[in-house]
Amino acid sequence: MAEKLRVFFVFDMKTFFASVECAERGLDPFETNLVVADESRGEGGICLAVSPKMKAQGVKNRCRLFEIPKNIKYIIAKPRMRKYIEYTAEIYGIYLKYIDKNDIHVYSIDECFIDATDYLKMYKIRAKAFAQKLMGEIKDKLHIPSTAGIGSNMYLAKIALDITAKHSPDFIGWLTEEKYRQNLWEHTPITDFWGISTGTASRLARHNIFTMQDLAHANEDMLYKEFGINAELLIDHAWGKESCTIEDIKNYKTKKKSISSMQILPKNYNFEDAKLVMKEMIQSGCYRLYRDGYVTQLLHLYIGYGDKNKEIVKGSRRMSEMTNLYSFIEKVAEDLFDDIASRDRPIRRIGFDFADLRSSEHESYDFFTSVEKVKKEKKLVESVLKLQDKYGKNAVLRGMDLQENATLRERNKLI
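Structural notes on the environment of Val-7
No. 1: Residue position: Val-7 is located in the segment before β1 (8-13).
No. 2: Assessed through its relative accessible area of 15%, Val-7 is described here as buried.
No. 3: The spatial distance from the C-alpha of Val-7 to the C-alpha of Gly-151 is 5.8 Å, given a sequence separation of 144 residues.
No. 4: Setting aside chain neighbours within four positions, we find Val-7 in contact with Ile-114, Asp-115, Ala-116, Thr-117, Leu-120, Ala-127, Ile-150 and Gly-151.

Structure below.
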């Protein structure tokens, strides 16, 4: 029996943050010049979103305020993440009116995949008409415009959204494997295709591969030698094939667990101030480990510089203890920071990973560790977490969090 042809949707809210701000003001985003940015960060503040009308005038998302042409008059809306989450929940509620949650995969705050296969027959409706119905309801209820991709697999739906929908009068793109090869095999740049980063494109270019057609007909042995197991995905996507379904995504379980955090600092920090922020981040990470019932023995640290080079350096340390307590991890983190961070270059980005997480039952210390000290710190952590749950994350702070260039208090107010 032939396998049933599946139909996937992917919806994207157009310039979502900017559209929400326009909706809140009763304005049409296609007729309004609006950017979402924090003016308090000065002319260098990043625009998180710009309205479609701004885009039509050549202003790009993620630009800085000073890059907007002076002749364009526009509204500046301060970012309100809680408001955007509320709108996202409303949009998800509209999907749930028609689609079971097991057939929905939330890809990002403004993008969502739906396996519509079984619902087309149920509602006796064609795929495009069903997509238009959902888009129309979002527009009528929330005044948020959207685009849609329809495909016979999730990859083709995403490509239909990213490449073809923007050129369609109804903002809907539709691809089958045949239409993909017919219309997009020679499309450039190749970085327009999901999964092809600039780095991947550069490596492909060294082998004279500039289009998906080139990739589809490239020597597979060469591709596996260049990209390893990832070559399989590149080859499948070059032919418009993708076996992964929403059901596969929901059933996937990672073999290894980790938690991570990355912070872009509000300005360039010197070595000591950056180390202070790093320690705040590690402290918060330890609280999260404790709350979630995990311990770790492996720390990765990342430092990004704020000079012209914008280099990112990284390092790792494996600890003798398997723990989630800050008093044990702090010294390791400080030593690692001292080893990899330059004392002479401005630091603008800090990140860390706690890797290879295990459940708390694997907690272990060396022979010389005081059991009483461990018990005492655990009681303190539990008290802090209870107070934070009741009164907010800023209810209990350490002395370092009150220093001038500390960032934790402000970050605790953010979503």
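There is more to say, and it comes next.
Regarding the nonpolar core
No. 1: The biggest cluster of nonpolar side chains holds 38 residues, and the ones touching the most others in it are Phe-9, Phe-11, Phe-16, Tyr-95, Ile-114, Phe-130 and Ile-144.
No. 2: Tallying contributions element by element places helix α5 (residues 127-142) first for this core, with seven residues.
No. 3: Those residues within four positions of Tyr-95 in sequence are excluded, and the remaining contacts are Phe-11, Met-13, Ile-104, Cys-112, Ile-114 and Ile-138.
No. 4: Among the nonpolar cores identified, the runner-up in size contains 33 residues, and Met-281, Val-313, Met-319 and Ala-406 belong to it.

Quick look at the packing of aromatic side chains
No. 1: Applying the stated criterion across every chain, the model contains 18 aromatic pairs.
No. 2: Ring centres 5.7 Å apart and planes at 20° place the aromatic pair Phe-11 and Tyr-95 in the stacked group. Of this pair, Phe-11 sits in strand β1 while Tyr-95 sits in helix α3 (residues 81-98), and the two are 84 residues apart along the sequence. Of the two residues, Phe-11 and Tyr-95, neither departs from the other in class, the shared state being buried.
No. 3: On the numbers, 5.2 Å between centres and 70° between planes, the contact of Trp-185 with Trp-239 is edge-to-face. Here the residue Trp-185 occupies a position in the loop between α7 (177-184) and α8 (198-205), and Trp-239 occupies one in the loop between α11 (230-238) and α12 (246-251), the gap between them amounting to 54 residues.
No. 4: Taken together through their ring pairs, the aromatic side chains of Phe-9, Phe-11, Tyr-95, Tyr-98, Tyr-119, Tyr-123 and Phe-130 make up a single cluster.
No. 5: Directly above the aromatic system of Phe-271 lies the positively charged group of Arg-343, at a separation of 4.1 Å from the ring centroid.

Description of the side chain of Glu-321
No. 1: Tracing the backbone shows Glu-321 in strand β11 (residues 312-323).
No. 2: At a separation of 3.2 Å, a polar atom in the side chain of Glu-321 contacts the side chain of Ser-320.

Description of the packing of helix α10 (residues 220-227) against α11
No. 1: Between α10 and α11, whose axes approach to 8 Å, the crossing angle comes to 130°. The orientation of α10 with respect to α11, classified from their angle, is oblique. Note on element contacts: α11 touches α10 through Asn-230, Ala-231, Glu-232, Leu-234 and Ile-235, opposite Glu-220, Leu-223, Tyr-224 and Phe-227.
No. 2: Of the residues contributing to the contact of α10 with α11, the split by class is six nonpolar, one polar and two charged.

Regarding the sheet that holds strand β7 (residues 146-151)
No. 1: Spatial strand order, β5-β6-β1-β7-β8: five strands in an open sheet with mixed pairing. Edge strands, defined here as strands with exactly one partner in the open sheet, are β5 (104-108) and β8 (172-175). On average, adjacent strands in this sheet sit at an angle of 15° to one another, irrespective of strand direction.
No. 2: In the sheet, β1 pairs with strand β6 (residues 111-115) via five bridges, with the strands oriented antiparallel. By the bridge assignment for β6, Phe-11 is matched with Cys-112.
No. 3: Relative to β5, α3 is tilted by about 160°, and along the sheet it contacts β1, β5 and β6.

Calculation notes
- Residues numbered from 1 in each chain as written.
- Predicted model: local features only at pLDDT ≥ 70, side-chain atom pairs only at ≥ 80, totals over all residues.
- Heavy atoms only, no water.
- Helix = DSSP H or I, 4+ residues; strand = E, 2+ residues; numbered from the N terminus.
- Buried < 20%, exposed > 50% of the residue type's maximum accessible area, 1.4 Å probe, protein only.
- Contact = heavy atoms within 4.5 Å.
- Core = buried A, V, L, I, M, F, W, Y, C linked by side-chain atoms within 4.5 Å.
- Phe/Tyr/Trp six-rings, centres within 6.5 Å; stacked < 30°, edge-to-face > 60°.
- Lys NZ or Arg CZ within 6 Å of the ring centre and 35° of its normal.
- Polar contact = N/O pair within 3.5 Å; in protein donor to acceptor, adjacent residues only side chain to side chain.
- Axes fitted to C-alpha atoms, helices over the stretch in contact; angles between N-to-C directions.
- Parallel < 35°, antiparallel > 145°, perpendicular 65-115°, else oblique.
- Nonpolar A, V, L, I, M, F, W, Y, C, P; charged D, E, K, R; others polar.
- Pairing = 2+ DSSP bridges.

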